Every structure is written in structure tokens, then in C-alpha cells.
Amino acid sequence: MSIQGVQLFIQDDHVVMDNGILQVTISKPEGIVTGVSYQGIDNLLEIRNHESDRGYWDLVWSEEGTGGTTGTSYVIKGSKFKVMVENEEQVEISFTRDRSSLEGKHVPLNIDKRFVMLRGSSGFYSYAIYEHLKEWPGFNLPQTRIVFKLRKDKFQYMAVADNRQRRMPLPDDRSPRRSSPLAYPEAVLIVHPVESEFQGEVDDKYQYSCENKDLHVHGWICNDPPVGWWQITPSNEFRSGGPMKQNLTSHVGPINLAMFLSAHYVGEEMVPKFQRGEPWKKVFGPVFFYLNTLIDNNDPLWLWEDAKQETKTQVQCWPHNFLASDDFPKSQQRGCVSGRLRVSDRYVSNEHISVNGAYVGLAPPGDVGSWQTESKGYQFWTKTDENGYFLINDVRTGDYNLYAWVPGFIGDYKNDTIITITSGCDIDMGELVYEPPRDGATLWEIGIPDRTAAEFHVPDPDPKYINKLYVNHPEKYRQYGLWERYSDLYPNGDLVYTVGVSDYRTDWFFAQVTRKKNDGKYEGTTWQIKFNLDNINQTGIYKLRVALATAYVAELQVRINNPKANPPLFTTGVIGHDNTITRHGIHGLYGLYSIDVKGTFLMEGENTIFLTQPMCSSALQGLMYDYIRLEAPPS
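Rules used in this analysis
- Residues numbered from 1 in each chain as written.
- Predicted model: local features only at pLDDT ≥ 70, side-chain atom pairs only at ≥ 80, totals over all residues.
- Heavy atoms only, no water.
- Helix = DSSP H or I, 4+ residues; strand = E, 2+ residues; numbered from the N terminus.
- Contact = heavy atoms within 4.5 Å.
- Areas by Shrake-Rupley, 256 points an atom, 1.4 Å probe, with all protein chains shown as cover.
- Lys, Arg positive; Asp, Glu negative; His and termini not counted.
- Charge placed at Lys NZ, Arg CZ, Asp CG, Glu CD.
- Pairing = 2+ DSSP bridges.
- Axes fitted to C-alpha atoms, helices over the stretch in contact; angles between N-to-C directions.
- Expected span 1.5 Å × (residues − 1).
- Buried < 20%, exposed > 50% of the residue type's maximum accessible area, 1.4 Å probe, protein only.
- Arc of directions from axis to C-beta.
- Domains from an automatic or database assignment.
- Buried area = accessible area lost by both parts, 1.4 Å probe.
- Salt bridge = Lys/Arg side-chain N within 4 Å of Asp/Glu carboxyl O.
- Polar contact = N/O pair within 3.5 Å; in protein donor to acceptor, adjacent residues only side chain to side chain.
- 1 Å grid on protein atoms, 1.4 Å probe; cavity = no way out; pocket = protein on both sides within 12 Å on 5 of 7 lines; lining within 4 Å.
- Points joined across faces, edges and corners; volume = space filled by probe spheres on them.
- Nonpolar A, V, L, I, M, F, W, Y, C, P; charged D, E, K, R; others polar.
- Disulfide = S-S within 2.5 Å.

Draft legend 1. View of the overall build of the protein chain. If you tally the helices and strands in the protein chain, you get three helices and 45 strands. When its C-alpha atoms are laid out on the principal axes, the protein chain stretches across 85 × 60 × 55 Å. Long-range pairs, those at least 24 residues apart, make up 70% of the contacts in the protein chain between residues at least 6 apart in sequence. With the model as given, the accessible surface of the protein chain reaches about 25,300 Å², and the carbon-plus-sulfur share is 46%. For the protein chain, the distance from the average position of its 63 positive side-chain charges to the average position of its 80 negative side-chain charges is 4 Å.

Draft legend 2. Spatial organisation of the sheet that holds strand β16 (residues 202-204). With antiparallel pairing, the three strands of this open sheet are ordered in space as β14-β15-β16. Looking at the sheet topology across the chains shown, the edges are occupied by β14 (179-181) and β16. Along the sheet, successive strands turn relative to each other by an average axial angle of 30°, direction set aside. Alignment of β14 against strand β15 (residues 187-190), held across three bridges, turns out to be antiparallel.

Draft legend 3. Up close: unusual backbone geometry. Of the consecutive residues Lys28 and Pro29, the connecting peptide bond is found in the cis state with omega at 10°. Within the fold, Pro29 resides in the loop between β3 (22-27) and β4 (33-38). Here Asn566 and Pro567 are connected by a cis peptide whose omega angle stands at 5°. Mapped onto the elements, Pro567 comes out in the loop between β40 (557-560) and β41 (570-571). Here the phi dihedral of Asn561 falls at roughly 65°; this positive angle occurs in a residue that is not glycine.

Draft legend 4. Molecular detail of helix α1 (residues 302-316). For α1, spanning 15 residues, the distance from its first C-alpha to its last is 21 Å, which sits close to the expected 21 Å at 1.5 Å a residue. The complete set of buried residues in α1 reads Leu303, Trp304, Asp306, Ala307, Glu310, Thr311 and Gln314. For α1, the arc enclosing every buried residue in end-on projection is 155°, short of the 170-degree limit, so these residues lie on one face. Exposed residues on α1 whose side chains face more than 90 degrees from its buried face are Lys312 and Gln316. Buried residues along α1 sit against β10 (123-132), β12 (155-161), β13 (164-167), β18 (217-222), β19 (227-232) and β24 (280-293).

Draft legend 5. Summary view of the sheet that holds strand β38 (residues 525-533). Within the open sheet, the five strands sit side by side as β34-β38-β44-β40-β41. Their pairing is mixed. A strand with exactly one partner marks an edge of an open sheet, and here the two such strands are β34 (496-498) and β41. Bridge analysis of β40 against strand β44 (residues 605-613) gives four bridges, and the strand direction is antiparallel. Note on β44: the bridge partner recorded for Gln557 is Thr612.

Draft legend 6. Broad picture of the domain arrangement of the protein chain. Segmentation of the protein chain into domains returns domain 1 (7-317), domain 2 (331-434) and domain 3 (442-631). Inter-centroid distance (C-alpha atoms) of domain 1 to domain 3 is 37 Å. With 26 residues of domain 1 in contact, the opposing surface of domain 3 contributes 27 residues. The contact between domain 1 and domain 3 buries some 2,200 Å² in all, and 52% of this surface belongs to carbon and sulfur atoms. By the criterion of area lost to domain 3, the three top residues of domain 1 are Tyr184, Gln207 and Tyr265, representing 26% of everything that side buries. Inspection of the region where domain 1 meets domain 3 yields one salt bridge. The closest approach of N and O atoms between Glu475 and Arg164, which form a salt bridge, is 3.8 Å. Our count for the contact surface shared by domain 1 and domain 3 stands at 20 residue pairs in polar contact (both at pLDDT 80 or more).

Draft legend 7. Up close: empty space enclosed by the protein. This structure, assessed with the given rule, holds four cavities of 30 Å³ or more. A volume near 130 Å³ is recorded for the largest cavity. As for the largest cavity, its lining consists of 13 residues, of which Met244, Lys245, Gln372, His587 and Gly588 are closest to the centre. Taken together, the residues that form the lining of the largest cavity break down as six nonpolar, five polar and two charged. The two domains that each donate at least three residues to the lining of the largest cavity are domain 1 (7-317) and domain 3 (442-631). A volume near 60 Å³ is recorded for the second largest cavity. Together, Tyr477, Gln479, Leu482, Trp483, Phe510, Thr580, Ile581, His584, Gly585, Ile586 and Met624 line the second largest cavity. By residue class, the composition of the lining of the second largest cavity is seven nonpolar, four polar and no charged.

Draft legend 8. How the structure looks around the layout of surface pockets. Within this model, the largest pocket holds a volume of roughly 630 Å³. Residue lining of the largest pocket: 22 residues in total, with Pro234, Ser235, Asn236, Trp381 and Thr382 positioned closest to the centre. The set of elements that each furnish at least two residues to the lining of the largest pocket consists of β28 (380-383) and β29 (389-395). Among the residues making up the lining of the largest pocket, the classes are represented as nine nonpolar, eight polar and five charged. Summarising the domain contributions, the lining of the largest pocket has at least three residues from each of domain 1 (7-317) and domain 2 (331-434). Each pocket or cavity is described by its volume, and for the second largest pocket that value is around 530 Å³. Cys210, Glu211, Lys213, Asp214 and Glu475 are, among the 28 residues lining the second largest pocket, the residues nearest its centre. Of all the elements in the fold, those that place two or more residues in the lining of the second largest pocket are β12, β17 (210-211) and α1. With four residues, α1 is the single largest residue contributor to the lining of the second largest pocket. Broken down by class, the residue content of the lining of the second largest pocket amounts to 11 nonpolar, seven polar and 10 charged.

Draft legend 9. A look at the state of the cysteines. Taken as a whole and judged by the stated rule, the model has zero disulfides. Cys336 provides the cysteine sulfur closest to Cys317, a residue in no disulfide bond, and the two sulfurs are 19 Å apart. A relative accessible area of 44% places Cys317 in the partly exposed class.

Draft legend 10. The arrangement of the pattern of salt bridges in detail. Tallying each qualifying case throughout the model produces 41 salt bridges. Residue Arg114 is joined to Asp112 by a salt bridge in which the shortest nitrogen-to-oxygen separation is 3.0 Å. Between Lys308 and Glu305 there is a salt bridge, with the nearest N and O atoms lying 3.3 Å from each other. Here Glu305 and Lys308 lie together in helix α1, a separation of three residues that amounts to about one turn. Overall, Glu305 belongs to the partly exposed group, its relative accessible area being 38%. Taken together, the shared-partner salt bridges in this structure form one network comprising Asp439, Lys543, Arg545, Asp596, Arg629 and Glu631.

Next comes the structure, spelled out in C-alpha cells:
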């Protein structure tokens, strides 16, 4: 390991940060990373690309009043360069674009992009401060991220998790002459690959998505020479949507992404919308771009193990104390919150239940579950220990609500107290008790209340549409085209589930989708749940709890014992823009519906609940269930 101090070389149109381990070249004043030199490789970035298309921050924005999740894509280019720190221990440089100096239609933001290099560090950091002043026009911000495009002749092995890594196709394999288009542009069938091992495979970047809670390190390995490129995110505080929000990682290119804000798996509800008169400032990052090589080891996969170790180190050092911006508070300027969460459900236990692994978080004040779509502020999440105790460290100053959800129980918890974090504060919330929705004893249930559809039957893919990584894989739902398998398995009639006989792991299809007809059009589907009741409380109110894991331009209509009842007993109306079915995500936004069922609607003996999803203009409409339960009237 070099002990050379960090040096900064300022040229006419570039600057170079060099600590003797790696050199990073950045355009001046734009702030585009044009080159990264390491281990004798002059440039790890794609030299075939123009300098402006190698390593950059970008965003998607639209004008106030615009709907949807798209807009104008903009590679963020600075107009001013400034040295913030320069000594042998550290270099930090700034590239700013000042909205007030720009003419024409530009996103109304001041943006300050920073790059940091430390002595002895095998990598570099990047973060940015976005600011909207109250006198500026309103706007929407559907997406922002960092993109690195690596050399395709070097980086051909990708790793996202221990069980999600593989040799990847080349970007050439996605070209029209080497692939066939599938249902949407991101997915292609490789038919004439450069290398024969990829013949007949599907490539789709969404197959490598990951939940925020698991998305700390991902990247690429070069075999000759053995070099790893890793994007490490030590904290999720600046990411939107909470721990379950899914984001893109790495994909064919080879491309490496640091996603900060996106509408993927949520839809327009995730898009932050700023109004004129609304001041806003947020720090995205820092994230760490880590480079490694083999030391006393011949196995290139050691680079992945080393990157995981480096990730632990970066997490332990969070929040980093070396950043020059006052907008990124040090640890001593932050606060912490602790307490204990238990569950009260008298139909499960007469005592309060200690919950292990419950998710507890601080997010901006809002409604129950609002953290799922919160996108302007910061969020801080942890998990309870086996006795329900939790500690949330290093919380930025500001006002928050405390939210939670508990695997194994339905619904969301919110503490109504506004928690004001001040510098150095230590707040003990004491014992908190979550009472999940419950009226009566469980008569029957389908699934596991964990906010996903992963426990249900995920079919094998059509042999024409295989990603070899997910063959015999626990996340087999990431295969392409599984929505089409419903029509194969249920060509003439819909799913019928019999309580006490059927097994949700094999008999409940993971998504209620449309059925393709012989004329190529689609039709809605109606699933049935058959169950027996021995005694009916004619004057009582039964409760049907339906927890949805996702919905995409879908509607759920519920009828009991009369499939043609009009109106239905209950309808959600048209809901959802999660696009989870298309993007192999197994869940999007969580939603819970509690439906009153009068005893007079039920019969002694066999009863049937009809679940109809009538929306049918495409193959990709539908919903996923998390959990369904029928409760007896209150006792």
C-alpha cells in the first residue's frame, strides 16, 4: 500500500487526483470523470465512449404540473471549479452549476458535485448538494444517480450479492442484429451473441434490482489483470422510499450505478414535486468507488469478498468526518433515538410479544406508511433485536415521526409524537406497543404477512426465456415472462384455492395477472377461495383482511357467494403504477384493505370468495397478494 500523499494536478480542461494507488481524471469545469487509472490499466472507463459519457451524475426533471415518471434527462455539468481541501492527507474538489447563471429552460437547482480522495485509500468518494430556492419555479425530480461505464474488454463478471453474480453478455449482444426485442425495451433475447455461452438468454437490467436494505455493494471484476470496481453505499439515509424500496444496481454495459432517487417499483407517487416558494436542500451521498486487486490470492472472486469487508469498514466509519461541506453533519452534530417495540395481539398471546427483526425507522412526518413514498427528506432505519430493542444512531437534525412494520403481522405502525432531533441529543422512546389490525380470531389465512409475494408459487420460466443465473435460485421470480405462465397453467379456468386442502406455496400463483386469449387480446381473471364454516354468527361482522404486495393499473373486486353481485362487496378502484410484474420485483408498494363481511352473507358449509381483477388492456396488469385472512366477529 502506497504511503504517498495525495496530489492534485490542475490542467487547462482537466484535473487529476493521485494518491499513488489510483489516479482519477475529471473534466474542468464540468466535473465529468473521464479516466480512472489503476494497476497499470491506463483507464478503467470505456475509452470507446466520448469523454462526457464515462462517469457522470445525471438527473431527470420536468416542469411543475407535469405528470408521470419521465422528463428531460440531463447530465449534470458544472460551470465553476474550486478546490475545497488540498493537502497530503486529502483532496476535495467541487464542480458547481449555478441555476441563476443559466439561460433558457434548465432544472431550477443549484448543484455542487464533490469528489474526495484520501491518502492510502484504494478508491474515491463522491457526493452532491442539491438546492432549490423558494423564489425559483417549481419542478419534479423523478430520478438522480451516478453512472459509470466501464471497459467492456476488461469487466465481464458482475456481482450484486453472494448468490447473484455471473459472467455477463457484452453490450454488443443487445444490438438489433444480435438480439430480438421482448415485451419492453429493457429486455432482449440474445440470439447471435459474440460468445456462444449467452445464446438464447434473456438480458434485462431489472433482473439485477435490489432492495435498499441489501444494496450496499455491487460491481464488476476484470480477470486480466485481476481488478475489481465496486460501488459502496455505507448509508441509506439519502435514498428515498425506505428499506424495501428497490433500485437498479449494475447491468450489461458494463454499467455501474449509484441510484439515489427513482420511481422504479413505485410509480409517480415516488416523484418529489417542488412548488414555487418551497425551499429544499439535500445531500446525496457520499458513496465510495472502491478498486481492489489480488494480494497473495489467485481467485478473482476474492475481490468480491474483499469488497464486502471494505463495505463493513465504510459502514463503521459513517458518517464520514472528513467531508468539507457544512451541509453534511459530523457524528457529534447528530442525534440518536432508542426504545423497545412490542406487539399486542390478544388472539396470538395474552402478553405483549417481543419482536425480533422488526423494521423501525425515522422519516419525515406523515401518515401511517407514508415513508414508502417519501422522497424529499432523509430516512434512518434499523431492526430490533430478539427482545424488540432498537437504536437509531447518527440521525440528522430535524423533525421526524417514528414508523415501524413487523414481519409476521399486518399493517404499519406510526408513533404520533413529532421527534425533534438536535445536535448531540439522545432520545429514549421507552416501550412502544404496536396493535396490528385485528377484530377477531383467525378462521383461515393464506400466505405470510411479510409485504412480499415470495412465498407463493413462482413457476418455472418458459424455456425460451432463461437467465441462467436464476435457474434453481431462491429468487426465481426474477426470470423474464413469468406473467405468461399463468395462461399456460390456467388456460380455460382461473385459480381455485380450497382452504385446508390447497397449499399456498404450490397452489397460489404469485401474481393475479390477465389471461391471453386465442385472438391475442387479454381478459380479466377471477380467483376463488373456497372455505367451510360450521357455525355462522348471523348478526356479527366478519373481517376480511387483504394485504397487497403490489398493483399495476389493476382493480381488486371482492364478492362472496355470488360471482355476479353488482356492485361487488368491495372494490379498490383502479390502483397502482408499481410495474413490479414487468420488473421481476416480487413486491412494490404495500397496501392493506379491511373489508366488513356481514354474517348474513355467509352460509353454513361451503362458502366462496371471488377475487376479480378486471383490468385487461395488457399482459402486464395485475396485482400480487402478500397475505389474506378471514377473522371471526369480535368475541
